[in-house]
Amino acid sequence: MPVRKIIHIDMDAFFAAVEQRDNPALCGQPIAVGHAGPRGVVATASYEARRYGIHSAMAAQRAKKLCPGLIFVPARMNVYKHISRHIRSIFRQYTELVEPLSIDEAFLDVSHLPSATQAAKEIKQLIWERTCLTASAGVSVNKMLAKIASDYQKPNGLFVIAPKNVERFVAQLPVEKFFGIGRVTAEKMHRLGIYTGADLRQKTEEELVRHFGKAGHAYFGYARGIDDRPVEPNRKHLSAGAETTFAQDTNDLPTLLAALAQMAQKAWQHAEKLNLRGKTVTLKLKFADFKQITRSQTFDVVLLSETDFFTAGKKLLEQTDLHARKVRLIGLTLSNPPEPPARDGRQLQFDF
Ligand code: TTP
Ligand code: MG
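1. Some remarks on the environment of Ala247
In this fold, Ala247 is placed in strand E9 (residues 239-250). Separated by 82 residues in the primary sequence, Ala247 and Leu329 have C-alpha atoms spaced 9.4 Å apart.

2. Side note on the pattern of salt bridges
Pairing is possible between side chains that carry opposite charge, provided their charged atoms lie close to one another. All chains considered together, the criterion is met by 13 salt bridges. The residue Arg229 makes a salt bridge to Asp227 at a minimum N-O spacing of 2.7 Å. On the basis of relative accessible area, Arg229 is assigned to the partly exposed category, the value being 33%. One salt bridge in this structure joins Lys291 and Asp289, with 3.9 Å as the shortest N-O distance. Judged by relative accessible area, which is 54%, Lys291 ranks as exposed. Exposure remark for Asp289: the relative accessible area of 48% places this residue in the partly exposed category.

3. Describing the environment of Glu187
Within the secondary structure, Glu187 sits in helix H8 (residues 183-191). Overall, the relative accessible area of 37% leaves Glu187 in the partly exposed class. Placed 23 residues apart in sequence, Glu187 and Arg210 show a C-alpha to C-alpha distance of 16 Å.

4. Regarding the nonpolar core
If you look at the biggest cluster of nonpolar residues, it comprises 59 residues, and the most contacted ones within it are Ile7, Ile9, Phe91, Leu108 and Ile127. No other element matches helix H5 (residues 116-131), which puts six residues into this core. Summarising the domain contributions, this core has at least three residues from each of domain 1 (1-161) and domain 2 (167-222). Discounting chain neighbours no more than four positions away, the residues touching Phe91 are Ile9, Val98, Ala106, Leu108, Ile123 and Ile127. Counting 36 residues, the second-largest nonpolar core is a separate cluster that includes Phe107, Leu285, Phe309 and Leu317.

5. Here we look at the environment of Glu206
Tracing the chain through its elements places Glu206 in helix H10 (residues 205-212). Sequence spacing of Glu206 and His217 is 11 residues, and the spatial spacing of their C-alpha atoms is 8.4 Å.

6. Observations regarding helix H6 (residues 143-152)
Burial of H6 is extensive: eight of the 10 residues sit out of reach of the surface. For H6, every residue scored as buried is listed here: Lys143, Met144, Leu145, Ala146, Lys147, Ile148, Ala149 and Ser150. Structurally, the start of H6 carries an N-cap: the backbone nitrogen of Met144 is 3.3 Å from a side-chain oxygen of Asn142.

7. Considerations on the sheet that holds E9
What links the strands of a sheet is backbone hydrogen bonding, and the strands pair in either a parallel or an antiparallel sense. Strand order across the open sheet formed by four strands is E9-E12-E10-E11, with antiparallel pairing between neighbours. Every interior strand has two partners, whereas the edge strands, E9 and strand E11 (292-298), have only one. Looking at each pair of strands side by side, their axes are set apart by 15 degrees on average, direction ignored. Lying over the sheet, helix H12 (residues 253-273) contacts E9, strand E10 (280-287) and strand E12 (327-335), oriented at roughly 155 degrees with respect to E9. Sheet contacts for helix H13 (residues 306-318): E10, E11 and E12; angle to E10, the most-contacted strand, approximately 45 degrees.

8. Re the pairing of strand E1 (residues 6-11)
The buried fraction of E1 amounts to six of the six residues, a majority that puts the element mostly inside the structure. Bridging between E1 and strand E7 (residues 135-140) involves six bridges; their strand directions are antiparallel. Its bridge partner lying in E7, Met11 is registered against Ala135.

9. Topic: the domain arrangement of the protein
Taken domain by domain, the protein holds domain 1 (1-161), domain 2 (167-222) and domain 3 (239-335). Its C-alpha centre places domain 1 at a distance of 39 Å from the equivalent point of domain 3. Taken together, the contact pairs six residues of domain 1 with six residues of domain 3. A buried area of about 420 Å², summed over both sides, lies between domain 1 and domain 3, and 55% of it is on carbon and sulfur atoms.

Each value, and the rule that gives it
Residues numbered from 1 in each chain as written. Chains lettered and ligands numbered in written order. Predicted model: local features only at pLDDT ≥ 70, side-chain atom pairs only at ≥ 80, totals over all residues. Heavy atoms only, no water. Helix = DSSP H or I, 4+ residues; strand = E, 2+ residues; numbered from the N terminus. Salt bridge = Lys/Arg side-chain N within 4 Å of Asp/Glu carboxyl O. Buried < 20%, exposed > 50% of the residue type's maximum accessible area, 1.4 Å probe, protein only. Core = buried A, V, L, I, M, F, W, Y, C linked by side-chain atoms within 4.5 Å. Domains from an automatic or database assignment. Contact = heavy atoms within 4.5 Å. Polar contact = N/O pair within 3.5 Å; in protein donor to acceptor, adjacent residues only side chain to side chain. Pairing = 2+ DSSP bridges. Axes fitted to C-alpha atoms, helices over the stretch in contact; angles between N-to-C directions. Buried area = accessible area lost by both parts, 1.4 Å probe.

Here is the structure:
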């Protein structure tokens, strides 16, 4: 497999940062998002509160004991969800291969870009400009390392584990920092004398499987910085399309075809930029009465050129009865990438 470029992005103290952003009186204060009542739980705490040892999932009563001045703020899930959608739309400006892990974090496969580090910088900057919130980013060759990297310099961090540094980085890493090795497993490893990646690497695959079952195979890979899991996006977003509304409704075929050609070009360029391939072409038409139809065709193999893409759209248009009605809007979309998502033979650069 060629070297991949994976980014992991994670917002800093997400719910708490949003509350501090929207209420200046909370800035610089130890705050917890959640209910203060006897059964209340901390969803997250500001970095000021974390200094007292307060963390997510802690009972509110215990948190108050640790920090009597702690300010509790009720959660506003609709606000957080809105921001979450916004940052995902930023990610999708860079790649269609976005795998959200939770409300505030995601993996991005940007193997097609010249520099993943540059992309991560830009994404952090865009998030800041558009939301006034900070995120931490990790850049590396796989999900495990990208996730570890984003955590490495939190908050507002950017940490890169380039291919040439993977071995050295993994060797010194305490096992509890590996993504996928929880507290219980880490303790078991400690009992076996395994404290770092270098220790883990001393063990044979058989030994690891004997002690940890199936997960042993993954740990054997982790010790070598190997993690082949693909970034698995929400497939409904895997498309590139373009549409346009006519200044005047029309059913003149040459006019429609000229617009369709333009939309094919725009959508194709967008798909290329995202390294997206697709087997399905969808034509969308909205008529003067605002009624809308879509017509699509799925091929056995991915569309190979803009010309093929346009030709498929043209056929769909010609099969549509336009005599009685005029068109207000026309659009063309490419979707349905092959499994696994396209990673073509383009030369991958080693620039991170
Ligand atoms: P996290 O990314 O785990 O935490 P965080 O963003 O608050 O802080 P960090 O800087 O360490 O990334 O979780 C994101 C949000 O999800 C968090 O702000 C609140 C919510 N959450 C809960 O409601 N309960 C939980 O147990 C956790 C872990 C998170
Ligand atoms: Mg976070």
